[in-house]
Amino acid sequence: MAEITGSMVKELREKTGAGLADCKKALGEANGNIEEAVEILRKNGQAKAVKKESRIAAEGICSIVCKGDQVAAVVEVNSETDFVAKNETFQQFVKAVAGQAVDSQAADLDAFMEEKWVEDTSKTVKEALVDKIAVIGEKLSIRRFQRIAAEEGCVASYVHGGGRIGVIVEAKTNVVNDAVKEALTNLAMQVAALNPKYVAITDISEEYTSHEREIIAAQIAQDPKMEGKPENVINGAVEGRLKKELKEVCLLEQVYVKAEDGKQTVAQYIAQVAKENNAELSIKQFVRYETGEGLEKKQEDFAAEVAAQMNA
């Protein structure tokens with residue numbers, strides 16, 4: 001049996017919002033495996049913050065550079081502190097990295113890091129990063145990038161919170177005008193705010209659907225109100241809750257945030273824009289970066305650090 005430490009309990013509590021006792025018990029059942037413990041808490045209905053499971057912890061910013069209406073790239077560059085993330089030298093460097101990415105043909109991050117640096121071709125991107133680390137005096141990391149080139153339409157982007165979130169939306173359309181581009185920017189804002197995982201229901205994998213169905217079934221099985229209910233009633237409740245959840249994670253099924261009636265879906269909004277502009281319009285894909293998503297932030301105790309230095 002793995003030793004359950006206080007830091008493990010704390011981490012699980014931060015991931016799920018469940019009580020300390022429940023977290024400790026779940027970790028015991030999962031033999032110390034954090035992800036398995038999360039699943040146990042979800043099935044028991046004790047995970048209050050499962051939708052915030054990816055903790056936004058690391059510092060840094062996202063930046064987007066567009067090239068006309070058809071090409072855009074988003075990058076995430078991390079720093080150790082928020083102080084550096086707000087530094088103009090760092091921000092200009094991140095923007096330059098995004099500029100590099102918008103013209104890049106690299107298939108992955110490793111290849112990207114070995115490209116010639118656009119601002120000084122005597123260096124690679126990796127070497128430019130090392131130089132910037134020396135100047136800023138803090139560990140920096142180019143974490144990820146994605147480039148989107150629309151061959152049958154256009155792209156739109158949105159950056160929120162000074163680089164906390166960066167979104168690119170690609171549309172297939174035969175009309176590219178100000179109204180269509182404004183609509184796509186609105187949808188990029190929607191993606192930033194509501195964080196969908198898929199464009200449409202048809203994009204969801206059977207594996208994801210089966211997994212969520214299993215979680216919901218376990219939750220309903222523990223609901224006292226469902227005790228003694230016929231199997232068909234229980235199955236209906238499971239499918240009903242699953243259907244609602246799948247709509248929440250699909251962009252086209254979400255309620256459009258700017259809908260005047262509070263009911264219009266994104267799909268209906270797109271159809272409205274298409275009709276008003278005599279266009280064929282559909283969403284092909286989107287990419288959403290949130291700074292530090294899934295990363296663990298170093299916990300700083302400055303009082304203890306100062307005390308240690310004074311006692312040294």
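Residues numbered from 1 in each chain as written. Predicted model: local features only at pLDDT ≥ 70, side-chain atom pairs only at ≥ 80, totals over all residues. Heavy atoms only, no water.

Structural notes on the confidence of the model for the protein chain
Note the cut-off: The predictor attaches a confidence to each residue, and that confidence, scored 0 to 100, is pLDDT. Every residue pair with non-hydrogen atoms within 4.5 Å of one another is taken to be in contact.
Confidence along the protein chain averages 88 in pLDDT terms, with 91% of residues attaining 70 or more. Of the regions scoring below 50 in pLDDT, residues 49-57 engages in 28 contacts with residues more than four places distant in sequence or in other chains.

Some points on the packing of aromatic side chains
Heads up, the rule is: Each Phe, Tyr or Trp ring, with Trp reduced to its six-membered ring, pairs with another whose centre is within 6.5 Å; inter-plane angles below 30 degrees give stacked pairs, above 60 give edge-to-face pairs, and intermediate values give tilted ones. Here a helix means four or more residues in a row that DSSP labels H or I, a strand means two or more in a row labelled E, and each is numbered from the N terminus. Exposure is judged per residue with a 1.4 Å probe applied to protein chains only, and the accessible area is read against the type maximum: over 50% gives exposed, under 20% gives buried, and values in between give partly exposed.
According to the stated counting rule, one finds four aromatic pairs in the structure shown. Summarising the aromatic geometry, the rings of F93 and W117 are spaced 5.8 Å apart at their centres and angled 45° between planes, so their arrangement reads as tilted. Remark: W117 occurs in the loop between α6 (109-113) and α7 (125-136) and F93 occurs in helix α5 (residues 88-102); sequence separation between them is 24 residues. Taken together, a centroid distance of 5.6 Å and an interplanar angle of 70° make the contact between Y198 and Y208 edge-to-face. Taken together, the positions of Y198 in the loop between α8 (178-194) and α9 (206-221) and Y208 in helix α9 put the pair ten residues apart, joining distant regions of the chain. In this structure Y198 comes out as buried when scored by relative accessible area, which is 18%. Under the relative-accessibility criterion, Y208 is labelled partly exposed at 22%.

Quick notes on the nonpolar core
What counts here: Definition used in this section: a nonpolar core is a set of buried Ala, Val, Leu, Ile, Met, Phe, Trp, Tyr and Cys residues joined via side-chain atoms within 4.5 Å.
Core analysis: the biggest nonpolar cluster contains 29 residues, and L184, L187 and I283 have the highest contact counts within it. Those elements that place two or more of their residues in this core are β4 (153-160), β5 (165-173), α8, α11 (266-276) and β6 (281-290). Ranked by residue count, the leading element in this core is α8, at seven residues. When sequence neighbours within four positions are dropped, the list of residues in contact with I283 reads V169, E170, A171, L184, L187, V199, L251, L252 and I270.

Considering the pattern of salt bridges
We count it as follows: When a carboxyl oxygen of Asp or Glu lies within 4 Å of a side-chain nitrogen of Lys or Arg, that pair is called a salt bridge.
Scanning the entire structure with this criterion turns up 14 salt bridges. A salt bridge links E239 to R213; the nearest nitrogen and oxygen atoms lie 2.7 Å apart. Taken together, the residues E239 in helix α10 (residues 231-248) and R213 in helix α9 connect sequence positions 26 residues apart. Taking relative accessible area as the criterion, R213 reaches 28% and is therefore assigned partly exposed. Residue R288 pairs with E290 through a salt bridge whose shortest N-O separation is 2.8 Å. By relative accessible area, which is 14% here, R288 ends up buried. One network of salt bridges, with partners in common, ties together E76, R143, R144 and E293.

Here we look at the sheet that holds strand β1 (residues 59-67)
Going by this rule: Only when DSSP finds a minimum of two bridges between them are two strands counted as paired. Lines fitted to C-alpha atoms define the axes here, with helix axes fitted over just the stretch in contact, and angles between the N-to-C directions of these axes take values from 0 to 180 degrees.
A sheet is described by the order of its strands in space; here three strands give the open sequence β1-β2-β3, paired in antiparallel fashion. The sheet terminates laterally at β1 and β3 (140-149), the two strands that pair on one side only. Strand-to-strand twist in this sheet, taken as the mean axis angle between neighbours without regard to direction, amounts to 15°. Pairing analysis gives nine bridges linking strand β2 (residues 71-79) to β3, with the strands arranged antiparallel. Bridge pairing in β3 places A73 opposite R147.

So, the state of the cysteines
So the rule is basically this: The definition used for a disulfide is geometric: two cysteine sulfur atoms within 2.5 Å.
For the structure on display, the rule yields zero disulfides. Considering cysteine sulfurs only, C154 is the nearest to C66, which forms no disulfide, with 10 Å between them. Given a relative accessible area of 38%, C66 falls into the partly exposed group.

Here's the deal with α10
Formally: Multiplying one less than the number of residues by 1.5 Å gives the expected span of a helix. What the arc covers is the set of directions going from the helix axis to the C-beta atoms.
With 18 residues, α10 extends 26 Å between its outermost C-alpha atoms, agreeing within 8% with the 26 Å of an ideal straight helix rising 1.5 Å per residue. For α10, the set of buried residues is V238, L242, E245 and L246. Buried residues of α10 fall within an arc of 100° about the axis and therefore sit on the same side. Those residues of α10 that are exposed and angled more than 90 degrees off the buried face are N232, K243 and K244. Of the surrounding secondary structure, the elements contacted by the buried residues of α10 are α9.

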